[in-house]
Amino acid sequence: MSLRIHCIITTLFFLALPSLVKAQYNFITNNGSITITLYTGPGGAVVIPSATNGYPITSIGPTAFGSVTALTSVTIPNSVTNIGSSAFEICTGLTNAVIPNTVRTIGDNAFYYCILMGNITIPANLPSIGNTVFAADQKLAGVTIPSSVTNIGEEAFVSCISLTNVVIPAGVLSIGESAFAGCSALTNISTAAANSAYSSTNGVLCDKARDMIIQYPAGITNAAYTIPGSVTSIGYDAFDSCDNLTSVTVPGNVTSIGDSAFSSCRSLANVTVANSVKNIGAGAFYLCSSLKSITIPSGITGIGASEFYDCSSLTNVIIPNTVTSIGDSAFGSCVALPGVTIPNSVTNIDQYGFEDCIALTAVTIPNSVINLGPAAFSDCAKLTNVVIGSGVKNLGSEAFYNCPNLASVDFQGNAPASDGTAFQGVNAGQYDPATVFYLPGTGGWGATFDNVPTALWYRAQPSVLSFEPSFGVHNHQFGFSIAWATNASIIIQACTNLANPTWIPVVTNPMASGTNNFSDPSWMNYPSRYFRVSGP
């Protein structure tokens, strides 16, 4: 019964409203106050009324004016205390908004991508600036953050490309990630001396202790920058879009470089990173299109997702043997990278790890790698030869998709698991078809592998197959398998002292079908015994 009465009252209320208000707004009532839910008017300069039919307008609801591109200015009355999330989002014609001091909350994205917004006053009593509230307001040149504010949300002013100066008042205790990232005209961020959480050095925003760089203003014109001696970490997006920066030195006091720390620094050509750095975050050098060379510190254990993605000038990278994983798209679209040495510490190469490295001609995947992710080397147009180590157990879908010039894939171990798509598109170029080569003594091979013809692969020198199942002690004999050329002969020699070796021939055997299995029943008669294999 009560719901029905409420509906009747609401209907009567709508009928009683002035025709102009009804024509331009949809709204709801709640406890004697009105929330605008949708603006339906023609745009232009809009003055929102403070009340209609005796009821105050106290709230502008989520998306109420969202994407009204004809809106040029808006005056919000003193009756309003709340502006909802995305309330004026993508009002691309909005140049001015008058927000009264009565407003206590402004929701996330409230004025996001109001690209012509050049004048806005943040209410004097506002306690918090939400996430992406003024993001991408490209004409916003100045902003005064009132002393009432204690929190500035993530990406609150991101990509405000006309913003030149920011003052952080004493009461701000929390600044979200990327709050001022991508503000290409920003040259200075200063903090009140009484602020207990933040400080600034030469316009660079830091935490109070100055051991973390939070935001380096992208408009600073210095070409070279050395991280100060007090700093131990570089924060998320700290140098994002600093296009004036050409050189950075990360000294020995720094231990961590955050996600996207130097992303989109398009002029950054030289980076020196000390071995004290133990962590480099995902996307740290994303889209650093001028970066030519990088030596990854020896303490790094993983290369993060998109860490060097689209570093289109990168021609040399040194990966230390402490690295165990190469993340998603870590070197994707490094179109100038001619080669890379993957150390034998790496166990996993994630999807798209080297996708679209169109200058890459050859690659050796070491025996340590177990998983080769989907599309790991897809669209590597000049790739002609791949050596895949014996440890690879899983070959991701489309791992070498659309590598049209791939001539040979040399597997050192047994056939890995695959879904049949690893080599799609490899026969479209100069080599038709490509060939998968496998070693004598390895298993799982047929006439084709993933629809690519197979053939035996013989090594240039006789080699002990240490990964093969017969390697080691079996039936009280020590043995191993040897691979080389079919019908060639090999000599196995032994000695008991490597310091002063006397090599004694143990056996000479032909390599029937390219392999030979050797076992030594006398190995326990010696305190130590060493073997070597050679041709005749």
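Residues numbered from 1 in each chain as written. Predicted model: local features only at pLDDT ≥ 70, side-chain atom pairs only at ≥ 80, totals over all residues. Heavy atoms only, no water.

1. Overview of the overall build of the chain
Phase 1: The secondary structure content of the chain amounts to two helices and 45 strands.
Phase 2: With the C-alpha coordinates aligned to their principal axes, the bounding extent of the chain is approximately 105 × 55 × 45 Å.
Phase 3: Counting the 536 residues in the chain, one finds 48% classified as buried.
Phase 4: Of all intrachain contacts in the chain linking residues separated by at least 6 positions in sequence, the fraction that spans at least 24 positions is 34%.
Phase 5: Accessible area of the chain: about 22,200 Å², with a carbon and sulfur share of 52%.
Phase 6: Mean positive and mean negative side-chain charge positions of the chain (14 and 26 charges, respectively) differ by 6 Å. (Helix = DSSP H or I, 4+ residues; strand = E, 2+ residues; numbered from the N terminus. Buried < 20%, exposed > 50% of the residue type's maximum accessible area, 1.4 Å probe, protein only. Contact = heavy atoms within 4.5 Å. Areas by Shrake-Rupley, 256 points an atom, 1.4 Å probe, with all protein chains shown as cover. Lys, Arg positive; Asp, Glu negative; His and termini not counted. Charge placed at Lys NZ, Arg CZ, Asp CG, Glu CD.)

2. Looking at the sheet that holds strand E38 (residues 452-456)
Phase 1: Ordered by their spatial adjacency, six strands build an open sheet running E30-E32-E34-E36-E38-E37, and the pairing between neighbours is mixed. With one partner strand each, in any of the chains shown, strand E30 (362-365) and strand E37 (448-449) form the two edges of the open sheet.
Phase 2: Inspection of the sheet shows strand E36 (residues 435-438) paired to E38 by three bridges, in the parallel sense. From the neighbouring strand, tyrosine 438 faces E38, where its bridge partner is leucine 456. (Pairing = 2+ DSSP bridges.)

3. Considering the packing of aromatic side chains
Phase 1: One pass over the structure, following the stated rule, counts 31 aromatic pairs.
Phase 2: For the pair phenylalanine 411 and phenylalanine 449, a centre-to-centre distance of 5.5 Å together with 70° between the ring planes defines the contact as edge-to-face. Here phenylalanine 411, found in strand E34 (residues 408-411), pairs with phenylalanine 449, found in strand E37; they are 38 residues apart in sequence, far enough to count as distant. This pair shows no difference in class: phenylalanine 411 is buried, exactly as phenylalanine 449 is. (Phe/Tyr/Trp six-rings, centres within 6.5 Å; stacked < 30°, edge-to-face > 60°.)

4. Concerning the pairing of strand E5 (residues 55-60)
Phase 1: Bridge count for strand E2 (residues 33-39) against E5 is three bridges, and the pairing is parallel. Paired with isoleucine 36 across the strands is isoleucine 60, a residue of E5.
Phase 2: The antiparallel pairing of strand E4 (residues 51-52) with E5 creates a hairpin that spans two residues between the two strands, and asparagine 53 there sits at a positive phi of about 55°.
Phase 3: Pairing of E5 with strand E7 (residues 82-83), which is carried by two bridges, proceeds in the parallel orientation.

5. Re the nonpolar core
Phase 1: Counting 79 residues, the largest nonpolar core has Phe239, Phe262, Phe331, Phe377, Phe400 and Phe423 as its most contacted members.
Phase 2: Elements with a contribution of two residues or more to this core: strand E17 (204-207), strand E21 (247-250), strand E23 (270-273), E30, strand E32 (385-388), E34 and E36.
Phase 3: Ranked by size, the runner-up nonpolar core spans 57 residues in total, among them Cys91, Phe111, Ile122 and Ile152. (Core = buried A, V, L, I, M, F, W, Y, C linked by side-chain atoms within 4.5 Å.)

6. Looking at the pattern of salt bridges
Phase 1: In total, this model carries one salt bridge according to the counting rule given.
Phase 2: Among the salt bridges present, the one from arginine 529 reaches aspartate 520, with a minimum N-O distance of 2.8 Å. (Salt bridge = Lys/Arg side-chain N within 4 Å of Asp/Glu carboxyl O.)

7. Brief notes about a negative patch on the surface
Phase 1: A surface patch of negative charge is lined by Glu154, Glu155, Glu177 and Asp259.
Phase 2: Checked against the element boundaries, glutamate 177 lands in the loop between strand E14 (174-175) and strand E15 (188-191).
Phase 3: On the basis of relative accessibility, which here comes to 43%, the residue glutamate 177 falls in the partly exposed class. (Patch = residues over 30% accessible without salt bridge, like charges linked within 9 Å, V, L, I, M, F, W, Y side chains within 5 Å.)

8. A closer look at the sheet that holds E17
Phase 1: The six strands are arranged E16-E17-E18-E20-E22-E24 in an open sheet whose pairing can be described as mixed. Edge strands, defined here as strands with exactly one partner in the open sheet, are strand E16 (198-201) and strand E24 (279-280).
Phase 2: Of the strand pairs in this sheet, E17 and strand E18 (residues 212-215) are connected by two bridges, and their pairing is antiparallel. Looking at the pairing, leucine 205 lines up with glutamine 215 of E18.

9. Remarks on unusual backbone geometry
It is generally the case that most residues other than glycine have a negative phi and that most peptide bonds are trans.
Phase 1: Backbone geometry at threonine 132 places phi at a positive 50°, although glycine is not the residue there.
Phase 2: Of note, threonine 132 is situated in the loop between strand E11 (128-129) and strand E12 (151-152).
Phase 3: Look at threonine 132 and you get buried, because its relative accessible area is 11%.
Phase 4: Unusually for a residue other than glycine, aspartate 310 sits at a positive phi of about 60°.
Phase 5: Checked against the element boundaries, aspartate 310 lands in the loop between strand E26 (302-303) and strand E27 (316-318).

10. Some remarks on the side chain of aspartate 237
Phase 1: Secondary-structure assignment places aspartate 237 in the loop between strand E20 (233-234) and E21.
Phase 2: In this structure aspartate 237 touches Ser178, Ala181, Gln215, Asp259, Ser260, Ala261 and Ser263, once residues within four positions along its chain are discounted.

11. A look at the environment of alanine 181
Phase 1: Structurally, alanine 181 is set in the loop between E14 and E15.
Phase 2: The exposure class assigned to alanine 181 is buried, which follows from its relative accessible area of 0%.
Phase 3: Those residues in contact with alanine 181 that sit more than four places away from it in its chain are Val158, Ser159, Gln215, Asp237 and Asp240.

12. Section: the pairing of E38
The side chains of a regular strand alternate between both faces of the sheet.
Phase 1: Judged from the two bridges that link them, E37 and E38 form a sheet pairing that is antiparallel. Residue pairing for E38: threonine 448 is matched across the bridge by proline 453.
Phase 2: As consecutive antiparallel partners, E37 and E38 are separated by two residues, and within that stretch aspartate 450 has a phi angle of approximately 50°, a positive value.

13. Some remarks on the side chain of serine 378
Phase 1: As for its placement among the helices and strands, serine 378 is situated in the loop between strand E31 (371-372) and E32.
Phase 2: Using a relative accessible area of 3% as the deciding quantity, one classes serine 378 as buried.

14. Looking at the environment of isoleucine 365
Phase 1: Of note, isoleucine 365 is situated in strand E30.
Phase 2: Here isoleucine 365 falls in the buried class, since its relative accessible area comes to 1%.
Phase 3: In sequence terms isoleucine 365 and proline 343 are 22 residues apart; their C-alpha atoms lie 8.4 Å from each other.
Phase 4: The residues touching isoleucine 365, leaving out its near neighbours within four places in the chain, are Leu372, Phe377, Val386, Val387, Ile388, Gly389, Val392 and Phe400.

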